[in-house]
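Single-letter residue listing:
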Amino acid sequence: MPQRPHGESSQRVLIFGGGGIGGTLAARLAGVGRDVTVVTRNPSIAEVITRRGLRSHYEGAVQVAHPDAVATLEELGEPDGRFAAAFVAVPPSSAEQAAHDALPWLEPDAPIVCCPNGLIEERLESQLPPERIIGGIVTFAGSMLGPGEVKKTSTGGGITLGRLPQAQRREDPQLERVAALLE
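Cut-off values and rules
- Think of each chain on its own: its residues are numbered from 1, step by step along the sequence as written.
- Note on the predicted model: pLDDT of at least 70 is required for a residue's local features to be given, and 80 or more for side-chain atom pairs to be given and counted; whole-chain, interface and lining totals, by contrast, use all residues.
- Calculated side-chain values reflect all of the structure's heavy atoms, with hydrogen atoms and water omitted.
- The pLDDT value tells you how sure the predictor is about a given residue, anywhere from 0 up to 100.
- Two residues qualify as a contact provided that any one of their heavy atoms is within 4.5 Å of a heavy atom in the partner residue.
- Strands here mean DSSP runs of E at least two residues long; helices mean DSSP runs of H or I at least four residues long; both are numbered from the N terminus.
- Working definition: with a 1.4 Å probe on protein chains only, accessible area under 20% of the residue-type maximum means buried, over 50% means exposed, and in between means partly exposed.
- The definition of a polar contact used here is a pair of N or O atoms within 3.5 Å, where within protein one atom must be able to donate a hydrogen and the other to accept one, and adjacent residues in sequence count solely through side-chain atom pairs.
- Residues belong to a common nonpolar core when they are buried Ala, Val, Leu, Ile, Met, Phe, Trp, Tyr or Cys residues joined through side-chain atoms within 4.5 Å.
- A pairing counts as a salt bridge when a side-chain nitrogen of Lys or Arg comes within 4 Å of a carboxyl oxygen of Asp or Glu.
- Directions drawn from the helix axis to the C-beta atoms are what define this arc.

Per-chain confidence: the protein averages 83 in pLDDT, with 91% of residues scoring 70 or above. Throughout residues 1-9 the model reports pLDDT below 50, and contacts reaching past four residues in sequence, or to other chains, amount to 18 contacts.

In structure tokens, the structure reads:
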């Protein structure tokens, strides 16, 4: 993979995760001309993205973007601080390691953006009727400091609730009940 000289990273983006969140983010950014590199940790996903592009189903259309894709950071060569930002869109159990691994590849002041990954509503659908499933997007940050000790680490935020498309209905007493519980 060709490397740019150090200092030419102004818009280069590193994305950890090529699944639902990371893949969608990569496709959208690459689709509008950003220089994106996806680290998938899965050689077959990296190979497919490299060979045919990253297909994104968005707003009723399928778009194909062509970000760079690798299974490991080592495939990029030597770390050289060439990325302006990193997005970590991997399961929570892998997020800390991904953020740590990103550091040598980032400009000194480059941010690491944490994108939650692990929504399981569609997976639960194989075990439960869709009417029983309510999705929740958490918009506050929290950390586990140790066993039995947690801390809210942001101001504001909450949980945005929603339904799978096939379970949406005009009146939804279950959803209203859960929303009231969270107020």
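Our focus in this paragraph is the environment of Thr72. Tracing the backbone through its elements, the reader meets Thr72 in the loop between β5 (68-70) and β6 (85-88). A relative accessible area of 29% means that Thr72 is categorised as partly exposed. Taking the C-alpha atoms as reference points, Thr72 and Val90, 18 residues apart in sequence, are found 14 Å from one another.

Assignment of secondary structure puts Arg12 in strand β1 (residues 12-16). Here Arg12 falls in the buried class, since its relative accessible area comes to 4%. A polar contact of 3.1 Å, which involves the side chain of Arg12, links it to the side chain of Asp35.

By size, the foremost hydrophobic cluster in this structure holds 18 residues, and its most contacted members are Val13, Ile15, Ala26, Leu29, Val36 and Phe87. For this core, the secondary structure elements donating two or more residues are β1, α1 (20-31), β2 (35-39), α2 (43-52) and β6. When residues in this core are grouped by element, the largest group, four residues, is from α1. Ranked by size, the runner-up nonpolar core spans 15 residues in total, among them Val39, Leu73, Leu76 and Val88.

One pass over the structure, following the stated rule, counts six salt bridges. The residue Asp101 makes a salt bridge to Arg41 at a minimum N-O spacing of 3.0 Å. With Asp101 in helix α3 (residues 92-102) and Arg41 in the loop between β2 and α2, this residue pair connects regions lying 60 residues apart in the sequence. Residue Asp101 is classed as buried on the basis of its relative accessible area, which comes to 18%. We note a salt bridge from Arg51 to Glu47, for which the minimum N-O separation is 2.9 Å. Within this pair, Arg51 and its partner Glu47 are both found in helix α2, separated by four residues, close to a single helical turn. The exposure class assigned to Arg51 is exposed, which follows from its relative accessible area of 57%.

A few words now on α3. Taken residue by residue, α3 has Ala98, Asp101 and Ala102 as its buried positions. Projected onto a plane normal to the axis of α3, the buried residues spread over an arc of 90° and lie on a single side. Those residues of α3 that are exposed and aimed more than 90 degrees away from the buried face are Pro92, Glu96 and His100. Those residues of α3 that are buried lie in contact with β1 and β6.

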